[in-house]
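So you can see what is in the structure, the chains are spelled out below.
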Amino acid sequence: MIGIIQGRLTKAPKNRLQNFPKDWKKEFLLANQCGYKYIEFFSERKFSNKNPIWSNKNIQIYKNLAKINGLKIYSFVDDYIISNSIYQAKNVKYIKKLINNLKKLGIKKLILPMCGKSDINEKNFIKFVKPLQKICNLSYKNKIQVLLEGNFEPKLYFNLKKKIKCNNLYLVIDTGNRVNLKRNMYDDIQLFKKHIKHIHIKDKNDLKKNVKLKDGNVDFNLLFKTLKKIRYKGNFTIESTRDNNPVLTAKKNLNFIKKKLTSLQG
């Protein structure tokens, strides 16, 4: 399936790429009209009780709008931990509350961006083991996979995986974030293999700026050839720019990835 991140189907304040949409209900209809299969929901970096995920009433509206518009309920990104360290006890409690609400919504995959205040590296990864263990345990009970999104090397991921005793911890590959690393993204994909359960599609230029698909450094032909090599069976969320017309841009991006996906399935 191909989905789109919440907020990219409507206009946002200038220079705000990740922006929670004012008219979030409208995006369900727009996603359906564009041909997307799901909307990937997210929480803001600064806690907001206005986010629909914190209201039982709005969770039900999410579910109803998805059903009416033929969309799946699939994934959720917790951007809150980018500005609030995941290894602090109060934030682990926050994520536990989040998981309980994700269960009500029917989310299958919880994506944790391991960057900003939750940046993980070779020097500090040990202190992430205990909080991630707690998160994975609760998610497992609720049949939710925990997917880590970050630019860490395969060695770091596999060391972390060994420390955490749970079978629901996997990876998200973000094409835009990884393309400008010193490491080769396509080689890393082959090393991660079956541990990749989801992919975020975007493109970035030499300045690490999010640009229109094909205008940056991601080699999409090589990307999908590599995914075919590892027999990737997961889904894709488009996180690209809106340009001047968000809906038109979303349609173009979807058609572009559909063509690449045909080569993956061939």
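Residues numbered from 1 in each chain as written. Predicted model: local features only at pLDDT ≥ 70, side-chain atom pairs only at ≥ 80, totals over all residues. Heavy atoms only, no water.

Participant: Just to check I follow, could you spell out the overall build of the chain for this structure?
Facilitator: The helix and strand inventory of the chain stands at 10 helices and 10 strands. Here the C-alpha atoms of the chain give a radius of gyration of 18 Å, agreeing with the 18 Å that 2.2 N^0.38 yields for 266 residues. Counting every position in the chain, which comprises 266 residues, the buried fraction comes to 56%. Restricting the contact set of the chain to residue pairs at least 6 apart, pairs at least 24 apart contribute 76%. Total accessible area computed for the chain in this model is approximately 13400 Å², and 49% of it derives from carbon and sulfur atoms. In the chain, 58 positive and 19 negative side-chain charges are present, and the distance between their average locations comes to 8 Å. (Helix = DSSP H or I, 4+ residues; strand = E, 2+ residues; numbered from the N terminus. Rg over C-alpha atoms; globule rule 2.2 N^0.38 Å. Buried < 20%, exposed > 50% of the residue type's maximum accessible area, 1.4 Å probe, protein only. Contact = heavy atoms within 4.5 Å. Areas by Shrake-Rupley, 256 points an atom, 1.4 Å probe, with all protein chains shown as cover. Lys, Arg positive; Asp, Glu negative; His and termini not counted. Charge placed at Lys NZ, Arg CZ, Asp CG, Glu CD.)

Participant: Sorry, what's going on with the pairing of strand S1 (residues 2-5) here?
Facilitator: For a regular strand, side chains alternate in direction, first toward one face of the sheet and then toward the other. Where S1 lies against strand S10 (residues 235-238), 3 bridges are found, and the strand directions are parallel. Among the inter-strand pairings, Gly3 is bridged to a residue of S10, identified as Thr237. (Pairing = 2+ DSSP bridges.)

Participant: Where do I start with the state of the cysteines in this structure?
Facilitator: Two cysteines joined by a covalent bond between their sulfur atoms form a disulfide. Taken as a whole, this structure holds 0 disulfides when the rule is applied. Looking at Cys115, it has no disulfide partner, and the nearest cysteine sulfur is the one in Cys136, 17 Å off. On the basis of relative accessibility, which here comes to 31%, the residue Cys115 falls in the partly exposed class. Cys166 takes part in no disulfide bond, and the closest cysteine sulfur, belonging to Cys136, lies 5.2 Å away. (Disulfide = S-S within 2.5 Å.)

Participant: Is there a simple way to think about unusual backbone geometry in this case?
Facilitator: Glycine aside, negative phi is the norm for most residues, and most peptide bonds take the trans geometry. The phi dihedral of Lys208 is positive, around 65°, even though this residue is not glycine. Counting through the fold element by element, Lys208 comes out in the loop between strand S8 (203-204) and strand S9 (210-211). Positive phi, normally seen in glycine, also occurs at Asp243, with a value near 60°. Inspection of the secondary structure assignment puts Asp243 in the loop between S10 and helix H10 (246-265). On the basis of relative accessibility, which here comes to 45%, the residue Asp243 falls in the partly exposed class.

Participant: Where do I start with the environment of Lys96 in this structure?
Facilitator: If you trace the backbone, Lys96 turns up in helix H4 (residues 89-105). Lys96 gets classed as partly exposed once you look at its relative accessible area, which sits at 33%. For the pair Lys96 and Lys134, spaced 38 residues apart in the sequence, the C-alpha separation amounts to 8.7 Å. In this structure Lys96 touches Lys134 and Leu138, once residues within four positions along its chain are discounted.

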